[in-house]
Amino acid sequence: MSSESGAVAAPAGAAPEHVLPYARLAAYYFAYFAIIGGYTPYFSVFLHSRGMDASAIGLMLSLWYATRILGPGVWSWLAGRGTHGVRWLRAGTLLMLLGFAPMLWPLQQGGLIASLIAFAFFANAIGPQFESIVLSHMPGRSERYARLRVWGSIGFIAIALLYGFLLDHLDARWLPALMLPWMALVCVLSFSLDYGPGHHHAPAVSMQDVRAALRQREVWGFFVLMLLMQMAFSPYHMLYSLYLREHGYSSGAIGGLWAVGVGIEIATFFAIAPILLRYAPRTLMLAGLAAGTLRWLAMALLPGLGWVMVLAQLMHALSFAAFYAAAMRLLARYFPGRLMGYGQGINSSFSSGFGGVLGALLTSSLWPLGAGSGAFMASAALCLAGAWLALRMLPRE
């Protein structure tokens, strides 16, 4: 068996099962999320080193979510128009690299904004298209998805930890030089990838097929649920470290709590395939919403108790990993075959894009209430609203 194979040898006379290009897909996940692992924790530090104040940095960081509203939808539409959609993935990775490269030079604020918009647009545009490529390699077997997606989590935490150490010894202005090699690797890997049988063997689709999928009531229930969950995570993604610091946690303790969350996420992705086969997506998503409610309440009400914060981070197994894996399985059901690219793009633009912007606005407006606890209480309320919606809208089977 090839080192890249995810298939088992077929019996004599049977059609061979599709060989999953596991190593190439896993390497792409690792490299793509390595970029995010450099950007998310440290880009604000880089901007500060370029002389920007807090308000300007906040504006710059909001561009990531703003470009996510448009980029994935545009790219999914372009990729779905022809028979060689993978070319748009390759073009997007190259344009992401070229958009970010000017940050190597001492740009003024206007130049930094232009470069960041280009980078964020294409980085967000190619994400859902790659997800649809992954799922096209496992038609009818989307429970295998989590064991590939885990390499993104590994890439994120490995680079976040490594760059944290490096930037303790280097000027933050070196960050673009540290991130560009991963963008170059993503670009190179994109030329080794193509869609799988779930795309090539599926009939062509038209915009009428997309509209037919979108006319399903439960599909929009799903998208709204994903938007609510994105909003619920906004205080955690944006200000969790600051929240812990204000409650007396050291930098080492904060890093340890982040590592607990990502570590349990990785373990869950590795182990969840048989669970996805046993339980309906609705069941796992409800479990994730219940865990999210408890998690955000714990953070809002008992932030000073270290053991409670550890338990809250362990709930990341259900509130993110299990919820997300089940959601991707359900999305593959709603948008099968060549529709998957459109489904991924709409989900990313609507839930992650609009949800990210709304979550950022909600977090910034509620953060003064209780020094952050009000924002986490709102996250718990959003999870409860999501559970009500899931009970009413998602299929029971």
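Residues numbered from 1 in each chain as written. Predicted model: local features only at pLDDT ≥ 70, side-chain atom pairs only at ≥ 80, totals over all residues. Heavy atoms only, no water.

### Side note on the overall build of the protein
And step 1. Helix and strand counts for the protein come out as 16 helices and 0 strands.
And step 2. Taken over 397 residues, the protein has a buried fraction of 55%.
And step 3. Summing over all exposed atoms, the protein offers an accessible surface of approximately 16,800 Å²; the carbon and sulfur share of this is 69%. (Helix = DSSP H or I, 4+ residues; strand = E, 2+ residues; numbered from the N terminus. Buried < 20%, exposed > 50% of the residue type's maximum accessible area, 1.4 Å probe, protein only. Areas by Shrake-Rupley, 256 points an atom, 1.4 Å probe, with all protein chains shown as cover.)

### Quick notes on the nonpolar core
A general feature of soluble globular proteins is that nonpolar side chains tend to end up buried together.
And step 1. Core analysis: the biggest nonpolar cluster contains 129 residues, and Phe 119, Phe 222 and Met 285 have the highest contact counts within it.
And step 2. Leave out the neighbours within four places in its chain, and Phe 119 touches Ile 35, Tyr 39, Trp 64, Met 96, Gly 99, Phe 100, Met 179 and Met 183. (Core = buried A, V, L, I, M, F, W, Y, C linked by side-chain atoms within 4.5 Å. Contact = heavy atoms within 4.5 Å.)

### What about a nonpolar patch on the surface?
And step 1. On the surface, Leu 301, Leu 302, Leu 305, Trp 307, Val 310, Leu 311, Leu 314 and Met 377 cluster together into a nonpolar patch covering about 740 Å² of accessible area.
And step 2. Among the elements that make up the nonpolar patch, the one with the highest residue count is helix H13 (residues 306-314) (4 residues).
And step 3. With respect to the element layout, Leu 314 can be found in helix H13.
And step 4. Judged by relative accessible area, Leu 314 falls into the partly exposed class, the value being 37%. (Patch = residues over 30% accessible without salt bridge, like charges linked within 9 Å, V, L, I, M, F, W, Y side chains within 5 Å. Salt bridge = Lys/Arg side-chain N within 4 Å of Asp/Glu carboxyl O.)

### Let's talk about helix H3 (residues 86-100)
And step 1. Along its 15 residues, H3 runs 22 Å from first to last C-alpha, staying within 8% of the 21 Å computed at 1.5 Å per residue.
And step 2. Within H3, the full set of buried residues consists of Val 86, Leu 89, Arg 90, Gly 92, Thr 93, Met 96, Leu 97, Gly 99 and Phe 100. (Expected span 1.5 Å × (residues − 1).)

### Describing helix H6 (residues 175-190)
And step 1. When the terminal C-alpha atoms of H6 are compared, their 23 Å separation across 16 residues agrees well with the 22 Å that a helix rising 1.5 Å per residue should span.
And step 2. Within H6 the residues assigned to the buried category are Leu 175, Pro 176, Leu 178, Met 179, Leu 180, Trp 182, Met 183, Val 186, Cys 187, Leu 189 and Ser 190.
And step 3. Along its buried surface, H6 packs onto helix H1 (22-49), H3, helix H4 (109-136) and helix H5 (145-166).

### Focus on the environment of Ala 114
And step 1. Considering the arrangement of structural elements, one finds Ala 114 in helix H4.
And step 2. In the structure, Ala 114 is positioned 12 residues away from Pro 102 in sequence and 9.6 Å away in space, judged by C-alpha atoms.

### Quick notes on the packing of H5 against H6
And step 1. At a closest axis distance of 11 Å, the pairing of H5 and H6 adopts a crossing angle of 150 degrees. Judged on the interaxial angle alone, H6 and H5 are roughly antiparallel. Crossing angle aside, the handedness with which H5 passes H6 is right-handed. Contacts between H5 and H6 involve Ile 159, Tyr 163 and Leu 166 from the former and Leu 175, Leu 178, Met 179 and Trp 182 from the latter.
And step 2. For the contact of H5 with H6, the class distribution of residues is 7 nonpolar, no polar and no charged. (Axes fitted to C-alpha atoms, helices over the stretch in contact; angles between N-to-C directions. Parallel < 35°, antiparallel > 145°, perpendicular 65-115°, else oblique. Left-handed = near helix turned anticlockwise from the far one by under 90°. Nonpolar A, V, L, I, M, F, W, Y, C, P; charged D, E, K, R; others polar.)

### Focus on the packing of aromatic side chains
And step 1. Taken as a whole and judged by the stated rule, the model has 33 aromatic pairs.
And step 2. Members of the aromatic cluster, joined through ring pairs, are Phe 233, Tyr 236, Tyr 240, Tyr 243, Trp 258, Phe 269, Trp 296, Phe 320, Tyr 324, Trp 367 and Phe 376.
And step 3. Here Arg 295 stacks its cationic end above the ring of Tyr 236, 4.6 Å away from the centre of that ring. (Phe/Tyr/Trp six-rings, centres within 6.5 Å; stacked < 30°, edge-to-face > 60°. Lys NZ or Arg CZ within 6 Å of the ring centre and 35° of its normal.)

### A word on the confidence of the model for the protein
And step 1. Taken residue by residue, the protein gives an average pLDDT of 83. The fraction at 70 or more is 88%.
And step 2. Taken together, the stretch residues 1-16 has pLDDT below 50 and engages in 18 contacts with residues farther than four places along the chain or on a different chain. (pLDDT = per-residue confidence, 0-100.)

### Quick word on the packing of H4 against H5
And step 1. In the contact formed by H4 and H5, the axes pass within 10 Å of each other and the chain directions differ by 145 degrees. Considering only the axes of H4 and H5, their crossing is right-handed. On the side of H4, the interface is formed by Glu 131, Val 134 and Leu 135, while H5 contributes Tyr 145, Leu 148 and Arg 149.
And step 2. Its residues assigned to classes, the contact of H4 with H5 comprises 4 nonpolar, no polar and 2 charged.

### Side note on the side chain of Gln 313
And step 1. Position of Gln 313 among the secondary structure elements: in helix H13.
And step 2. Not counting the four nearest positions on each side in its chain, Gln 313 is found in contact with Tyr 236, Tyr 240, Leu 257, Trp 258, Val 260, Gly 261, Ile 264, Arg 295 and Met 299.

### Comments concerning unusual backbone geometry
And step 1. Phi at Ala 371 takes a positive value of approximately 55 degrees, unusual for a residue other than glycine.
And step 2. Structurally, Ala 371 can be placed in the loop between helix H15 (340-366) and helix H16 (373-393).
And step 3. The exposure class assigned to Ala 371 is partly exposed, which follows from its relative accessible area of 38%.

### Points about the environment of Leu 63
And step 1. Mapping Leu 63 onto the fold places it in helix H2 (residues 54-81).
And step 2. Those residues in contact with Leu 63 that sit more than four places away from it in its chain are Ile 113, Leu 116, Ile 117 and Ala 120.

### Observations regarding the environment of Pro 181
And step 1. Along the polypeptide, Pro 181 turns up in helix H6.
And step 2. Separated by 150 residues in the primary sequence, Pro 181 and Ala 31 place their C-alpha atoms 9.2 Å from one another.

### Details of the side chain of Ser 319
And step 1. Position of Ser 319 relative to the elements: it lies in helix H14 (residues 316-334).
And step 2. In terms of polar contacts, Ser 319 uses its side chain to reach the side chain of Arg 295, at 3.0 Å. (Polar contact = N/O pair within 3.5 Å; in protein donor to acceptor, adjacent residues only side chain to side chain.)

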